[in-house]
Amino acid sequence: MKKWMLVLLSVLTIALIGCGNGENSGNGENDSTPAPTKGVTGSENKNNGKTEPAGYVFEYEGTKIWMDMDASLVVNALGEPDKYFEAPSCAFEGLDKKYTYGSIEIDTYEIDGKDYVSCVYFRDDLVNTPEGICLYMTMEDMVNAYGNGYKEEFGMYVYEKDGMKLKFLVKDNEITSIEYVSTVLDAQ
């Protein structure tokens, strides 16, 4: 049942990304990818991206990831993704992109030719939040780590902080989905 729910959520996410009038799929290769760097902490983006960690910050393989940061910093740090998908954006001009790295998926949005992180989605229970929460833990574990300051709707428990959301889908007292999500798409 757990795997079925994850498959369903993945299909829904892909369907939302692919809502444009065309679909492009890449092989994940990038001719000018610089050597990966770990511990990304900022960038010189004056348009949209946050240059310092804000909200709930996630860390994967030594790389800090926060919503609305310059996505190239994350992609360069993590290297070649296991999977890559892109499609015309429904909310912005340009492409929405999805990078899959082991236990996580990273979604991006494009503004003025530059990509920003819009979502980090947990694919399995081999990864956890910095506060120690992973898939299939209990709602009580979530509340112990994050408190009661959530908004709940249809089993989705949402914590908001500094322009981003941390979402937990709970079914039968078990966390079945964890997502870090930008609020930039809420304004579109």
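Above this note sits the structure.
Residues numbered from 1 in each chain as written. Predicted model: local features only at pLDDT ≥ 70, side-chain atom pairs only at ≥ 80, totals over all residues. Heavy atoms only, no water.

Caption draft 1: Representation of the overall build of the protein chain within the structure. Tallying secondary structure elements over the protein chain gives 3 helices and 10 strands in all. Along its sequence from the N terminus, the protein chain presents helices and strands in the succession α-β-β-α-β-β-β-β-α-β-β-β-β. The buried share of the protein chain, reckoned over its 188 residues, is 48%. Accessible surface, the protein chain: about 9,700 Å² in total, of which carbon and sulfur atoms supply 49%. (Helix = DSSP H or I, 4+ residues; strand = E, 2+ residues; numbered from the N terminus. Buried < 20%, exposed > 50% of the residue type's maximum accessible area, 1.4 Å probe, protein only. Areas by Shrake-Rupley, 256 points an atom, 1.4 Å probe, with all protein chains shown as cover.)

Caption draft 2: Fine view of the pattern of salt bridges. A complete count under the given rule lists 7 salt bridges for this structure. One salt bridge connects Asp70 with Lys114, and the closest N-O pair in it is separated by 3.3 Å. Taken as a pair, Asp70 in the loop between strand S2 (63-65) and helix H2 (71-78) and Lys114 in strand S6 (residues 114-122) lie far apart in primary sequence, 44 residues in all. Residue Glu160 is joined to Lys151 by a salt bridge in which the shortest nitrogen-to-oxygen separation is 3.9 Å. A relative accessible area of 59% means that Lys151 is categorised as exposed. (Salt bridge = Lys/Arg side-chain N within 4 Å of Asp/Glu carboxyl O.)

Caption draft 3: Quick peek at the pairing of strand S9 (residues 164-171). Summarising burial for S9: 6 of the 8 residues are buried, a large majority. Pairing of strand S8 (residues 156-161) with S9, which is carried by 6 bridges, proceeds in the antiparallel orientation. Opposite Val158, over in S9, you have Lys167 as the bridge partner. Following S8, the chain reverses through 2 residues before pairing antiparallel with S9; Asp162 in that reversal takes a positive phi of roughly 50 degrees. Across 8 bridges, S9 lies against strand S10 (residues 174-182) in antiparallel orientation. Residue Phe168 lies in a different strand from S10, and its bridge partner there is Ile178. The antiparallel hairpin formed by S9 and S10 contains 2 residues in its connecting segment, where Asp172 sits at a positive phi of about 50 degrees. (Pairing = 2+ DSSP bridges.)

Caption draft 4: Layout of the sheet that holds S8. Strand order in the open sheet formed by 8 strands is S3-S4-S5-S6-S10-S9-S8-S7, and the pairing between neighbours is antiparallel. Of all strands in the sheet, those bounded by a partner on one side alone are strand S3 (83-88) and strand S7 (151-153). Between one strand and the next, the sheet's axes are offset by a mean angle of 20 degrees, whatever the strand orientation. The sheet strands contacting H2 are strand S4 (95-101), strand S5 (104-111) and S6, and the helix crosses S6 at an angle near 60 degrees. Across the sheet, helix H3 (residues 139-146) touches S8, S9 and S10, and the angle it forms with S8 is around 10 degrees. (Axes fitted to C-alpha atoms, helices over the stretch in contact; angles between N-to-C directions. Contact = heavy atoms within 4.5 Å.)

Caption draft 5: Just the nonpolar core, in detail. Counting 35 residues, the largest nonpolar core has Ile65 and Phe168 as the members making the most contacts within it. In contact with Ile65, other than residues within four places in its own chain, are Val57, Phe58, Tyr60, Val74, Ile104, Ile106, Val117 and Val120. Among the nonpolar cores identified, the runner-up in size contains 5 residues, and Tyr109, Ile111, Tyr116 and Val184 belong to it. (Core = buried A, V, L, I, M, F, W, Y, C linked by side-chain atoms within 4.5 Å.)

Caption draft 6: Looking closely at the environment of Ser177. Within the element layout of this structure, Ser177 appears in strand S10. Using a relative accessible area of 1% as the deciding quantity, one classes Ser177 as buried. For the pair Ser177 and Cys134, spaced 43 residues apart in sequence, the C-alpha to C-alpha distance is 8.8 Å.

Caption draft 7: A look at H3. Turning to H3, its buried residues are Met139, Met142, Val143 and Tyr146. Buried residues of H3, seen end-on, are gathered within an arc of 95 degrees and therefore sit on one face of the element. If you follow the buried residues of H3, they end up packed against S8, S9 and S10. Following H3 by one or two positions, Gly147 has its phi on the positive side, about 90 degrees. (Arc of directions from axis to C-beta.)

Caption draft 8: Spatial organisation of the packing of aromatic side chains. Tallied over the entire structure, the rule returns 13 aromatic pairs. Where Tyr109 meets Tyr116, the ring centres are 5.6 Å apart and the plane angle is 35 degrees; that geometry is what we call tilted. Accessibility assignment for this pair places Tyr109 and Tyr116 in one class, buried. Grouping aromatic residues by their ring pairs yields a cluster made of Tyr56, Tyr146, Tyr150, Tyr157, Tyr159 and Phe168. Over the ring of Tyr56 we find Lys161; its NZ or CZ atom is 4.8 Å from the centre of that ring. (Phe/Tyr/Trp six-rings, centres within 6.5 Å; stacked < 30°, edge-to-face > 60°. Lys NZ or Arg CZ within 6 Å of the ring centre and 35° of its normal.)

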